[in-house]
Amino acid sequence: MKSFTLAIQHLLAMYAGAILVPLIVGSSLGLSSTQLTYLVAVDIFMCGAATILQVVKNNYFGIGLPVVLGCTFTAVGPMIAIGSEYGVTAIYGAILVSGLFVLVISRFFSKLVRFFPPVVTGSVVTIIGITLIPVAVQNMGGGQGAEDFGSLFHLSLAFGTLGGIILLYRFTRGFFQSISILLGIAAGTVTAFFFGRVDTSAVTEASFFHIIEPLYFGVPTFHWSAILTMILVAMVSLVESTGVYFAIGDLSDQEIEEQDLRNGYRAEGIAILLGGFFNAFPYTAFSQNVGLMNMTGVKSRKVIFIMGGLLLGLGLLPKAAALTTIIPTPVLGGAMLAMFGMVIAQGIKMLSKEAAASPENSMIVACSIGMGLGVTVAPELFAQLPNSVQILTSNGIVAGSLTAIGLNIIFHRTRRPAEKKTEAVWQEGA
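Owing to the predicted nature of the structure, the values given are computational and were not obtained by experimental measurement.

1. Quick word on helix H2 (residues 33-55)
Since the α-helix packs 3.6 residues into each turn, any two residues three or four apart lie on the same face.
Alright, step 1. Its 23 residues give H2 an end-to-end C-alpha distance of 33 Å, which sits within 8% of 33 Å, the value for a rise of 1.5 Å per residue.
Alright, step 2. With 20 of 23 residues buried, H2 is to be regarded as a mostly interior element.

Below, the structure written as structure tokens:
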């Protein structure tokens, strides 16, 4: 019973992250309530499957640590951009290829990690957060195309939700602080319900039980720009997961070896492939559950395995998934502003020491974020270039990421010994 209770606590800690990615992407792409219900349900189910793949260790996949896998917020902006330009099927085509890519490079990625130091990943995370903010603001006003966009009711609901999340985050600690966003969304939805602004028809129409369907949204389509974008997202997610692996290994007093990393990456690759096939999303290791383990002192694989089983069960109950689809758009927008702002804050945190470490790092940050934001604001900047080149320049996240990777190679992989000595002097002066 104790393990079951701890499993529920872990489920609650990650549940907001698990359901918000499909809600944000689905609502941004204009999916129907039935489609959105399926999207949330299959995503919950696949989060459970992905987590179990990591917990169960064997010679081929699974790191064998109490790792929780959930949808990566890194993919939200890119998936909305891909879906808006090419359609939903292009998202899943790109996810399938990125999952296959992760499987192929899993053996070698530990050697490739040097090309993704904090100055690169921090820049990418910051760019992603910045490009997501407009989505949150649109939802706060009632959603793109809403007739009463920016009405007093929508703004009151959005800022009321945001204010509730801030108060919970300020005056609670531990578990309640970790689910402050979930509680804020629940409070905002209840408030909207009393004002008659919540449509519960999706819940009443949803069945009690269903079986997940492969390729629910149709046969995947493949576009180079979409594929490259999702491969970059997958690599950033692997870097994020690597940090979680080492954090949990440290908590569990287990040394993480190269074979462990390989098996962990393979499990993520399989999870991404399954997500693409069953029309869910890419996954990464959730850091919020690491904080919960640190807080409770419980680092049991059994607890996380039970939690994975609970997610599988919830994913087969459409009514449970439908409950999340009735959240009003302004409520979602208020919560998104906090979450996406935290993505930016995380990127800044990653960059704070790196930018001060050398003038070269400052240039990498400046140019990559500037390029990413510039292309996002003015995507027509490179419209006159050949289509083959536009594959790399049509998306702000791709353009910014490639800029960061390229400049990191130029500044840090082609240095002579004298230049390394100069950097050491800079760091001592800083």
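Back to the text.
2. Considering unusual backbone geometry
Alright, step 1. One non-glycine residue with positive phi stands out, namely Leu215, at about 50°.
Alright, step 2. Inspection of the secondary structure puts Leu215 in the loop between helix H10 (201-205) and helix H11 (224-251).
Alright, step 3. The partly exposed category is assigned to Leu215, whose relative accessible area is 29%.
Alright, step 4. Although it is not a glycine, Asn279 sits at a positive phi angle of roughly 65°.
Alright, step 5. One can find Asn279 in the loop between helix H12 (258-277) and strand S2 (283-285).

3. Thoughts on the packing of aromatic side chains
Alright, step 1. Under the counting rule described, the total for this entry stands at 10 aromatic pairs.
Alright, step 2. Arranged with centres 6.2 Å apart and planes meeting at 10°, the rings of Tyr92 and Phe281 form a pair that is stacked. Taken together, the residues Tyr92 in helix H4 (residues 88-105) and Phe281 in the loop between H12 and S2 connect sequence positions 189 residues apart.
Alright, step 3. Here a set of aromatic residues connected by ring pairs shows up, and it is made of Tyr38, Tyr92, Tyr216, Phe217 and Phe281.

4. A few points about the pattern of salt bridges
Alright, step 1. Counting across every chain of the model gives one salt bridge.
Alright, step 2. Here Asp260 makes a salt bridge to Lys57, at a shortest N to O gap of 3.1 Å. Here Lys57 lies in the loop between H2 and strand S1 (69-71) and Asp260 lies in helix H12, a separation of 203 residues in the sequence.
Alright, step 3. What makes Lys57 partly exposed here is its relative accessible area of 45%.

5. Let's talk about a nonpolar patch on the surface
Alright, step 1. A cluster of nonpolar side chains, namely Val190, Phe193, Phe194 and Phe195, defines an oily patch on the protein surface of about 490 Å² accessible area.
Alright, step 2. Within the fold, Phe194 resides in helix H9 (residues 180-194).

6. Some details on the confidence of the model for the chain
Alright, step 1. Averaged over every residue, the pLDDT of the chain is 83; residues scoring 70 or more account for 89%.
Alright, step 2. Mean pLDDT in the chain bottoms out at helix H20 (residues 417-429), which sits at 52, and peaks at H4, which reaches 94.

7. Overview of the side chain of Ser225
Alright, step 1. By the element assignment, Ser225 lies in helix H11.
Alright, step 2. A relative accessible area of 9% places Ser225 in the buried class.
Alright, step 3. Reaching out from Ser225, the side chain makes a polar contact with the side chain of Tyr86 at a distance of 2.9 Å.

The rules we used
- Residues numbered from 1 in each chain as written.
- Predicted model: local features only at pLDDT ≥ 70, side-chain atom pairs only at ≥ 80, totals over all residues.
- Heavy atoms only, no water.
- Helix = DSSP H or I, 4+ residues; strand = E, 2+ residues; numbered from the N terminus.
- Expected span 1.5 Å × (residues − 1).
- Buried < 20%, exposed > 50% of the residue type's maximum accessible area, 1.4 Å probe, protein only.
- Phe/Tyr/Trp six-rings, centres within 6.5 Å; stacked < 30°, edge-to-face > 60°.
- Salt bridge = Lys/Arg side-chain N within 4 Å of Asp/Glu carboxyl O.
- Patch = residues over 30% accessible without salt bridge, like charges linked within 9 Å, V, L, I, M, F, W, Y side chains within 5 Å.
- Areas by Shrake-Rupley, 256 points an atom, 1.4 Å probe, with all protein chains shown as cover.
- pLDDT = per-residue confidence, 0-100.
- Polar contact = N/O pair within 3.5 Å; in protein donor to acceptor, adjacent residues only side chain to side chain.

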